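Breakdown of the fold
Below are the chains, spelled out letter by letter.
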Amino acid sequence: MNKSPQAAPLSQVLRSRRWLLWGALLALVLALLGVLVFLAAEYEEGRDQTVLERDAAQVASDIRSELFRNVQTLQSLHSVAPTADSWAAPAAELLSAHREMVRLEWRSSTHTLLAYRDTPYLASLSGYLNREQALPDVRQACDNARRFSGPAFSPSYFWPMVGGQGLELMEMCLPVARAGVPNGFLVATYSLPGLLNELTNKAMLRGRGLAFTEPDGTRLALHSTVSSSSRRRTLQASTLLDLPGHTLMLRMESPRQVVGLFPNVLTAVVGALSLALLAVLALLGRDMRRRQRAELEVADALAFRKAMENSLVTGLRARGMDGRVSYVNPAFCQMVGYSAEQLIGTGLPAPWWPPELIDEYQQRQAVRLAGQTLPREGYESVFQRSDGTRFPVLIIEAPLIDVQGVQTGYMSAILDLTEQRRVEDINRASQDRLQATARLATVGEMASLLSHELNQPLAAIASYATGTLNLLNDTTQAPPTADLQLAMLRISEQAERAGRVIKSVADFVRRREQVREPVAPQSLIDAISPLLGLQAKKQRIRVHIDIAPDLPPVLCDRTMVEQVLLNLARNGMQAMPEGDPPAPERVLMLSVLQSRLQSGVSVVGRAPKSWVEFTVTDRGHGLSAGVQAKLFTPFFTTKPEGMGLGLSLCRTVIEQHGGALTFEPHHPRGTVFRFTLPVA
């Protein structure tokens, strides 16, 4: 029999009402349980508080009784010791028996000290302050004692001691008489910690805290404290220790002694059942909340991962162990020009493989499937778009592991290197143009030297030519053949000299393909010697060249290394202007030695020799700290006509050869530039 359409809503209403009734009943039981628990806890706490207050009053009564018993002992002391000489020995015996006393004094009616004894348990009582500092408290206690005709106590005070220690002390003054005649005062100095330690019941204080306090709660003396683990459930009771002339506040602490939360078995049973029901409902609600939270977290994680994959510019591709594509992201689809529907499920050969590279790529895929994984740093390859264009890529692959730890395929990240290759080409072209500009700038600076040096052979050629013409035009006699030959020889020598100078510059400036070849270090020095000699002669500088014998050839680009040597030598000469340093010290030193690198340090003269070291040393003013910090910075220069590219390009050239260009001060003055080249 089918239910009517109204049956389902009615059952839902009844079910909801039943749940409301159960909820109300549960709430009532929980409320009753809470009231019972609260009343039981209040009862236990009130009982413990009453016991604590009674014990605190008992402790205060014990201390008061002991203090007045001490008064009787002091009175008997004065009766058995009538003189100051006989008083000292029984006073010392009394102090040994009563540790709460730290000092006994016999003072006259005018408070003059007649005799005294200090406790043997505190050797440094008066080592820091003189006893006279406490005289005001003694006077106050004695004045009260005279008025009360009995013992009187002074307010407590802190007495510092040697070593940063101190005690809270209190004076007790007792008027004494002999044969009915006042005979001064007996003053007993009490230690408040001693009162707590010596005049209390140790068994009653076990596990409790006891202290003398100020009315505001400041501790004056402490006997014991409650452990920190139970401090949050500590009961406190304060009582007054009323003494003649002064009142102290005694505070006692005790951890709360809870015997049980429930007064009877019925309450315990109801509470247990209620707590069990509440626990079941709490667990059910917690599970439902966890499930909803987990579903929301999974949805958020999927949405975040999808958004992240869609925003990546790196292509992602997942393939199974059979080579079929199982996942691609939008960046990969845009990279190869195919949609995800066209790529999912495709196998080998892949649609983005160039036709001529299919065999090579299939062999590489077979190696990967055989278990020989590729390096994690990736490998470069070439892909083909759907329109047939090719582009370089960097592929980084890693095994795809599932939750059981089983490899199910490979995950690949693909980077399009087209833009990177374009930037590298632009940088390479810019670097070549900068090097060419630097070389032209170097040649431009040498133009003035060439013009000066070429004037000498050209002037000599013109002079010899004029003399030869004069000999030929002299019709009075035949020209001497020997003179003509000598003149022509001199003309030829000067022409060759000018040609060598021009050729050295032309070889240096001519743009050649950068080819590294074995080059003897001597030939590098010889190639720049003519140009170096021109500038040295113009600036009146001596050039000293020291080349070690039997040097192996170095592997380098001859033209670029010659430019580095010439640039460093020219800088060294410019660092020594005319007159500074004096003429005997105007020396530029070029040296070539064998060396090898050991732990990043160039070690000269040790085999095996794998490097050759070139050194250029000048004797100029040296480099300041500011110049040293920016020395190799492009476009930084200290010369009005400089471009700031020389040293930067020099370091680039040497580092491209695998060497290093460094500098250091030369003592007593000057700078040393040093670079290394690998042995061929």
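Residue numbering note: each chain is counted from 1, following its sequence as written. Under the rules for a predicted model, residues below a pLDDT of 70 receive no local features and side-chain atom pairs below 80 are neither given nor counted, while totals for whole chains, interfaces and linings still include all residues. Hydrogens and water are ignored here; the side-chain numbers use all heavy atoms of the structure.

**Considerations on the overall build of the protein chain**
Heads up, the condition is: Numbering of helices and strands runs from the N terminus; a helix is a DSSP stretch of H or I covering at least four residues, while a strand is a stretch of E covering at least two. Burial here depends on accessible area, computed with a 1.4 Å probe over protein chains only, as a share of the maximum for the residue type. Under 20% is buried, over 50% is exposed, and the range in between is partly exposed. A contact between two residues is defined here by any heavy atoms of the two lying within 4.5 Å. Surface accessibility follows the Shrake-Rupley procedure with a 1.4 Å probe radius. Residue values consider only the protein chains on display as shielding.
When helices and strands are tallied, the protein chain shows 14 helices and 23 strands. Classification of the 680 residues of the protein chain by burial places 37% in the buried group. Relative to all contacts within the protein chain whose residues are 6 or more apart in sequence, the contacts with residues 24 or more apart total 61%. Total accessible area computed for the protein chain in this model is approximately 38100 Å², and 58% of it derives from carbon and sulfur atoms.

**Points about the pattern of salt bridges**
If the charged atoms of two oppositely charged side chains come close together, the side chains can form a pair. The following threshold applies: In the sections that follow, a salt bridge refers to a side-chain nitrogen of Lys or Arg positioned within 4 Å of a carboxyl oxygen of Asp or Glu.
Taken as a whole and judged by the stated rule, the model has 15 salt bridges. Between R385 and D416 there is a salt bridge, with the nearest N and O atoms lying 3.5 Å from each other. Note that R385 is positioned in the loop between β13 (379-384) and β14 (390-401) and D416 in strand β15 (residues 407-416), a separation of 31 residues in sequence. A relative accessible area of 23% means that R385 is categorised as partly exposed. Across the pair E613 and R674 runs a salt bridge, and its minimum N-O distance is 3.3 Å.

**Notes on the sheet that holds strand β10 (residues 246-255)**
Using the following cut-off: The pairing criterion for strands is at least two bridges between them, as found by DSSP. A fitted line through C-alpha atoms represents every axis, and for helices the fit uses only the stretch in contact; the resulting angles, taken between N-to-C directions, go from 0 to 180 degrees.
Spatial ordering of the open sheet is given by β8-β7-β10-β9, a layout of 4 strands whose pairing is antiparallel. Each end of this open sheet is capped by a strand with a single partner; those strands are β8 (219-224) and β9 (234-243). On average, each strand axis in the sheet is tilted by 20° relative to the strand beside it, whichever way the strands run.

**Brief notes about the pairing of β10**
Most of β10 sits inside the fold, with 8 of its 10 residues counted as buried. Across 10 bridges, the pairing between β9 and β10 is antiparallel. Within β10, the position partnered with L241 by the bridge is L248. Taken together, β9 and the strand that follows it, β10, pair antiparallel across an intervening segment of 2 residues, in which G245 is found at a positive phi of about 90°.

**Notes on the packing of aromatic side chains**
What counts is decided by this rule: Pairing of aromatic side chains here covers Phe, Tyr and the six-membered ring of Trp, requires ring centres within 6.5 Å, and sorts the geometry by plane angle: under 30 degrees stacked, over 60 edge-to-face, intermediate tilted. Two conditions define a charge located above a ring, namely a distance within 6 Å from the ring centre to NZ of Lys or CZ of Arg, and an angle within 35 degrees of the ring normal.
Summed over all chains, the structure comprises 8 aromatic pairs. Each ring, one from W87 and one from W106, has its centre 6.5 Å from the other, and the planes form 45°; the classification is tilted. With W87 in helix α2 (residues 84-97) and W106 in strand β1 (residues 101-107), this pair connects stretches of sequence that are 19 residues apart. Of the two residues examined, W87 and W106, each falls in the buried class. Residues F332 and W352 carry aromatic rings whose centres are separated by 5.1 Å and whose planes lie at 90° to one another, so their mutual orientation is edge-to-face. Pair noted here: F332 is in helix α6 (residues 330-336) and W352 is in the loop between α7 (340-343) and α8 (358-369), with a separation of 20 residues, a long-range link. Among the aromatic side chains, those forming a connected cluster through ring pairs are F332, W352, F383 and F391. The positively charged end of R99 is found above the aromatic ring belonging to Y121, 3.9 Å away from the centroid.

**Looking at helix α3 (residues 135-148)**
The criterion, for reference: Helix span is expected to be 1.5 Å times the residue number reduced by one.
With 14 residues, α3 extends 20 Å between its outermost C-alpha atoms, agreeing within 8% with the 20 Å of an ideal straight helix rising 1.5 Å per residue. Looking at α3, one finds that the buried residues are L135, D137, V138, A141, C142, N144 and A145. For α3, the elements touching its buried residues are β1, β3 (152-153), β4 (157-160), β5 (166-178) and β6 (181-191). A positive backbone phi angle near 55° is found at S149, which sits one or two residues after α3.

**Brief notes about the pairing of strand β12 (residues 325-328)**
Pairing geometry for strand β11 (residues 315-320) and β12, over 3 bridges, is antiparallel. Across the sheet, A318 pairs through a bridge with Y327, a residue of β12. Connecting β11 to the antiparallel partner β12 that follows it, the hairpin turn spans 4 residues, and G323 within it adopts a positive phi of roughly 90°.

**Quick look at the environment of Q563**
Mapped onto the elements, Q563 comes out in helix α12 (residues 558-574). Separated by 35 residues in the primary sequence, Q563 and I528 place their C-alpha atoms 8.5 Å from one another.

**Quick notes on helix α14 (residues 646-656)**
Residues of α14 that are buried include every one of L647, S648, L649, C650, V653 and I654, and no others. Downstream of α14 by a residue or two, G658 has a phi angle that is positive, lying close to 90°.

**Brief notes about the nonpolar core**
For the record, the criterion: As used here, the term nonpolar core means buried Ala, Val, Leu, Ile, Met, Phe, Trp, Tyr and Cys residues forming a set that is joined through side-chain atoms within 4.5 Å.
If you look at the biggest cluster of nonpolar residues, it comprises 43 residues, and the most contacted ones within it are L74, W87, L104 and F212. When residues of this core are assigned to their parent elements, the largest contribution, 9 residues, is made by helix α1 (residues 7-80). Residues in contact with L74, not counting those within four places in the same chain, are L94, L104, M172, L174, L186 and A188. Residues L524, I528, L647 and C650 belong to the second largest nonpolar core, which totals 38 residues.

**Some remarks on the side chain of H98**
Put simply, the rule reads: Here a polar contact means two N or O atoms within 3.5 Å. Within protein one must be a hydrogen donor candidate and the other an acceptor candidate, and residues neighboring in sequence count only if both atoms are side-chain atoms.
By secondary structure assignment, the location of H98 is in the loop between α2 and β1. A polar side-chain atom of H98 sits 3.4 Å from a polar atom in the side chain of N70. A polar contact is formed between the side chain of H98 and the side chain of E100, at a distance of 3.2 Å.

**A short note on the confidence of the model for the protein chain**
Test applied: Residue-level confidence of the predictor is summarised by pLDDT, bounded by 0 at the bottom and 100 at the top.
Confidence along the protein chain averages 78 in pLDDT terms, with 79% of residues attaining 70 or more. Element-level pLDDT for the protein chain is lowest in strand β20 (residues 601-604), with a mean of 40, against a maximum mean of 93 in β3. Under a pLDDT of 50 for its full length, residues 259-264 has, in the predicted model, 10 contacts with residues more than four places off or in other chains.

**A few points about a positive patch on the surface**
Which entries qualify depends on this criterion: Any residue with relative accessible area above 30% and no salt bridge may belong to a patch, with like charges joined within 9 Å and the nonpolar Val, Leu, Ile, Met, Phe, Trp and Tyr side chains within 5 Å. The charge count treats Lys and Arg as positive and Asp and Glu as negative. His and the chain ends do not count. Taken as the charge location is NZ of Lys, CZ of Arg, CG of Asp or CD of Glu.
On the surface, R286, R289, R290 and R293 cluster together to form a positively charged patch. Among the structural elements, R293 can be located in helix α5 (residues 265-311).

**Considerations on the packing of α12 against α14**
Where we set the bar: For a crossing to be left-handed, the near helix must be turned anticlockwise from the far one by less than a right angle; the clockwise case is right-handed.
The interhelical angle for the contact between α12 and α14, taken along N-to-C directions, is 140°, at an axis separation of 10 Å. Considering the relative orientation of α12 and α14, their crossing is left-handed. On the side of α12, the interface is formed by M560, V564, N567, L568 and N571, while α14 contributes G646, L647, C650, V653 and I654.

**Quick look at the sheet that holds β14**
A sheet is described by the order of its strands in space; here 5 strands give the open sequence β12-β11-β15-β14-β13, paired in antiparallel fashion. Since the sheet does not close on itself, it has two edges, and those belong to β12 and β13, each with one partner. Between one strand axis and the next, the sheet turns by 35° as a mean value, whatever way the strands run. For β14 and β15, the ladder comprises 9 bridges, and the chain directions are antiparallel. Within the sheet, the bridge partner assigned to V393 lies in β15 and is D416.

**Considerations on unusual backbone geometry**
The omega angle of the peptide bond from H667 to P668 is 10°, so this bond is cis rather than trans. Inspection of the secondary structure puts P668 in the loop between β22 (661-665) and β23 (671-678). Not every positive phi belongs to a glycine, and H111 is a case in point at roughly 70°. Look at S149: it is not a glycine, yet its phi comes out positive at around 55°. When you line up the elements, S149 lands in the loop between α3 and β3.

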